[in-house]
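Spelled out, the chains give:
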Amino acid sequence: MSRIAGRFARVEPRRRVRDLVLGLLSDLPRKNCWSIAEWAGEATPDGMQHLLGRAKWDADTVRDDVREYVVEHLHDEDAVLVVDETGDVKKGTHTVGVQRQYTGTAGRIENAQVAVYLVYAGRRGHAAVDRELYIPRSWTCDPDRCRAAGLGEDTIFATKPELAARMIGRFLDAGHRVGWVAGDEVYGGNPKLRAALEERQVGYVLAVACSHEVTTDAGKFRADALAAKVPKRAWQKLSAGAGAKGYRYYDWAVIDLAEPRPGSHQLLIRHNRTTGELAYYRCWSPAPVPLATLVRVAGSRWRVEETFQAGKGLAGLDEHQLRRFTSWSRWVTLAMLAHAFLAVVRAHEHARDPAPNGLIPLTCNEIQKLFTTLVVRPVHDVAHLLGWSDWRRRHQARARGSHYLRQAANQT
């Protein structure tokens, strides 16, 4: 917390942001302004809501502090930046960026809010270092709607790959160096993102669709057509890294591509040894690299899924009940900080005792349980708990009364 303390001019928001982050790390079944304020011992949620919505502080500077914290403690010369988006299912039409769109969280088209994240993944651990909210065209074409949600009138539409390029640029402009970027088909199929990475001399292993066309010395082919031409002797069995159930072994093949731009252009193909499913990746590096390096980078993409799972399950990344952009950016930034804390503690514990006798190394889940139980579990008296029960019921009564008044007005 000392890293971000200087971002708050007054002592009150400094103390409250600490309580909010501790609340995000707590074992509360639901994490929002109400539940965290009650957990922290406050009489109402007004202070937490003020911190997220109206207090004077810049979430982007705190985001930069989170990035520096993660890179300092999880630093790895072979680290990979992974880009991916995740969606939060929402109701209504007023939450910033919400519309009916596909989200992998639900596995279908839902009314959802989608954000793109940048994850720093190395041998010591992984954590999100940047975020951008995806604002659909249905919003950017409606300045009044943007203004009501706290977006600037000059907000313009940006694709998810453009948001990814923006975040990668910020990471590099901050003076950090990384050799590789990984991502799924949304990013691999975008030539502008690939060109931007090549211009900055950052290698990439980006997934592409089976229908993606590439050019070889023999001509232009679909990715799946090239895979059908690979001889059996060209496949190599390699691990894409350790998973929850052990090492993930696949068969891999790589094909050199004929591109006019400098660097090593290749198509990487992954064959699932159990299901026979194929996956395809566009690869580029300033100089040729071994197949094992490309496989390692491709395998790093799973780290973003683990980051989302831990960020949502342990730090309340997706539990915000906030409509305006400022509140959203502040909540997710502090949730990123909370998860980064767990990832850093995990990294240091693994370095201190990499093979505890008869135990698996500490996980982020176990660290959260121990931290909450031993360090930050608050104890409140009966009067505090009953006071919050009264507050909730009074608020709900006002809300119900307002609903009935609107319903009566609509009927007349």
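Preceding this paragraph is the structure being described.
Described below are features of the structure shown in this document. (Residues numbered from 1 in each chain as written. Predicted model: local features only at pLDDT ≥ 70, side-chain atom pairs only at ≥ 80, totals over all residues. Heavy atoms only, no water.)

## Focus on the overall build of the protein chain
Then, number 1: Helices and strands together make up the secondary structure of the protein chain, namely 15 helices and twelve strands.
Then, number 2: Dimensions of the protein chain along its principal axes, counting C-alpha atoms only, are 75 × 65 × 40 Å.
Then, number 3: Classification of the 412 residues of the protein chain by burial places 48% in the buried group.
Then, number 4: Contacts in the protein chain between residues at least 24 apart in sequence constitute 62% of all its contacts with a sequence separation of at least 6.
Then, number 5: Split by element, the accessible area of the protein chain, about 20,900 Å² in all, is 51% carbon and sulfur.
Then, number 6: Across the protein chain, 59 positive and 47 negative side-chain charges occur, with their mean positions spaced 4 Å apart. (Helix = DSSP H or I, 4+ residues; strand = E, 2+ residues; numbered from the N terminus. Buried < 20%, exposed > 50% of the residue type's maximum accessible area, 1.4 Å probe, protein only. Contact = heavy atoms within 4.5 Å. Areas by Shrake-Rupley, 256 points an atom, 1.4 Å probe, with all protein chains shown as cover. Lys, Arg positive; Asp, Glu negative; His and termini not counted. Charge placed at Lys NZ, Arg CZ, Asp CG, Glu CD.)

## What to know about unusual backbone geometry
Then, number 1: Its identity is not glycine, yet Gln201 carries a phi of approximately 60 degrees, on the positive side.
Then, number 2: With respect to the helices and strands, Gln201 occurs in the loop between α9 (191–199) and β6 (203–208).

## What about helix α1 (residues 11–25)?
Then, number 1: End to end, α1 covers 21 Å across 15 residues, agreeing with the expected 21 Å (1.5 Å per residue, within 8%).
Then, number 2: When α1 is considered as a whole, its buried residues turn out to be Pro13, Val17, Leu20, Val21, Leu22, Gly23, Leu24 and Leu25. (Expected span 1.5 Å × (residues − 1).)

## So, the side chain of Glu198
Then, number 1: Within the secondary structure layout, Glu198 lies in helix α9.
Then, number 2: Glu198 sits in the buried class, given a relative accessible area of 7%.
Then, number 3: Ignoring any residue separated from it by four or fewer positions in sequence, one finds Glu198 in contact with Tyr204, Arg261, His265 and Trp284.

## Comments concerning the pattern of salt bridges
Then, number 1: Scanning the model with the defined rule gives 27 salt bridges in all.
Then, number 2: Among the ionic pairs, Asp60 bridges to Arg63, the shortest N-O distance being 3.5 Å. With Asp60 and Arg63 both in helix α4 (residues 59–74) and three residues apart, this pair spans about one turn of that helix.
Then, number 3: Overall, the relative accessible area of 33% leaves Asp60 in the partly exposed class.
Then, number 4: With a shortest N-O distance of 3.8 Å, Asp130 and Arg63 are connected by a salt bridge. Linking Asp130 in strand β4 (residues 125–133) with Arg63 in helix α4, this pair joins segments that are 67 residues apart in sequence. (Salt bridge = Lys/Arg side-chain N within 4 Å of Asp/Glu carboxyl O.)

## Side note on the packing of α1 against helix α3 (residues 46–53)
Then, number 1: Where α1 contacts α3, the axes come no closer than 10 Å and their chain directions differ by 100 degrees. By the angle between their axes, α1 is roughly perpendicular relative to α3. Contacts from Pro13, Arg16, Val17, Asp19 and Leu20 in α1 reach Gly47, Met48, Leu51 and Leu52 in α3.
Then, number 2: Of the residues assigned to the contact of α1 with α3, the class counts are six nonpolar, one polar and two charged. (Axes fitted to C-alpha atoms, helices over the stretch in contact; angles between N-to-C directions. Parallel < 35°, antiparallel > 145°, perpendicular 65-115°, else oblique. Nonpolar A, V, L, I, M, F, W, Y, C, P; charged D, E, K, R; others polar.)

## Regarding the nonpolar core
Then, number 1: Core analysis: the largest hydrophobic core is formed by 107 residues, its most contacted members being Tyr117, Tyr120, Phe171, Val205, Trp252, Leu268 and Tyr281.
Then, number 2: For this core, the element with the highest residue contribution is helix α13 (residues 325–352), accounting for 13 residues.
Then, number 3: Residue contacts for Trp252: discarding those within four places in its chain leaves Ala234, Trp235, Gln236, Leu238, Ala240, Leu268, Ile269, Arg270, Tyr281, Leu291, Val295 and Ala298. (Core = buried A, V, L, I, M, F, W, Y, C linked by side-chain atoms within 4.5 Å.)

## Some remarks on the packing of aromatic side chains
Then, number 1: This model, assessed by the stated rule, comprises eleven aromatic pairs.
Then, number 2: With centroids separated by 6.0 Å and ring planes inclined at 75 degrees, the aromatic side chains of Tyr250 and Trp252 adopt a geometry described as edge-to-face. You'll find Tyr250 and Trp252 in the same group, each marked buried.
Then, number 3: Considering the side-chain rings of Tyr250 and Trp302, the 6.4 Å spacing of their centres and the 10 degrees angle between planes classify their relative orientation as stacked. Of the two residues, Tyr250 sits in strand β10 (residues 246–256) while Trp302 sits in helix α12 (residues 302–315), which places them 52 residues apart along the sequence.
Then, number 4: For Tyr250, a relative accessible area of 12% puts it in the buried group.
Then, number 5: The class of Trp302 is partly exposed, set by a relative accessible area of 25%.
Then, number 6: An aromatic cluster of at least three residues, connected via ring pairs, comprises Tyr250, Trp252, Tyr281 and Trp302.
Then, number 7: In this structure, Lys160 packs its charged tip against the face of Tyr134, placed 5.0 Å from the ring centre.
Then, number 8: Its end group placed over the ring of Tyr249, Lys237 keeps NZ or CZ at 5.0 Å from the ring centre. (Phe/Tyr/Trp six-rings, centres within 6.5 Å; stacked < 30°, edge-to-face > 60°. Lys NZ or Arg CZ within 6 Å of the ring centre and 35° of its normal.)

## Some details on the environment of Asp381
Then, number 1: Locating Asp381 in the fold gives a position in the loop between α14 (364–376) and α15 (382–411).
Then, number 2: Residue class for Asp381 comes out partly exposed when judged on its relative accessible area of 49%.
Then, number 3: Spatially, the C-alpha atom of Asp381 lies 9.7 Å from that of Gly41, the residues being 340 residues apart in sequence.

## Considerations on a nonpolar patch on the surface
Then, number 1: On the surface, Leu370, Leu374 and Val375 cluster together into a nonpolar patch covering about 310 Å² of accessible area.
Then, number 2: In this structure, Leu374 sits in helix α14.
Then, number 3: Looking at Leu374, the relative accessible area reads 68%, which means it is exposed. (Patch = residues over 30% accessible without salt bridge, like charges linked within 9 Å, V, L, I, M, F, W, Y side chains within 5 Å.)

## Describing the packing of α1 against α13
In a packed pair of helices, the relevant descriptors are the angle between the two axes and the axis-to-axis distance.
Then, number 1: Look at α1 against α13: their axes get within 9 Å of each other, and the N-to-C directions meet at 65 degrees. Of the two elements, α1 crosses α13, and the hand of that crossing is right-handed. Contacts from Val17, Leu20, Val21, Leu24 and Leu25 of α1 reach α13 at Trp331, Leu334, Ala335, Leu337, Ala338, Phe341 and Leu342.
Then, number 2: By residue class, the composition of the contact of α1 with α13 is twelve nonpolar, no polar and no charged. (Left-handed = near helix turned anticlockwise from the far one by under 90°.)

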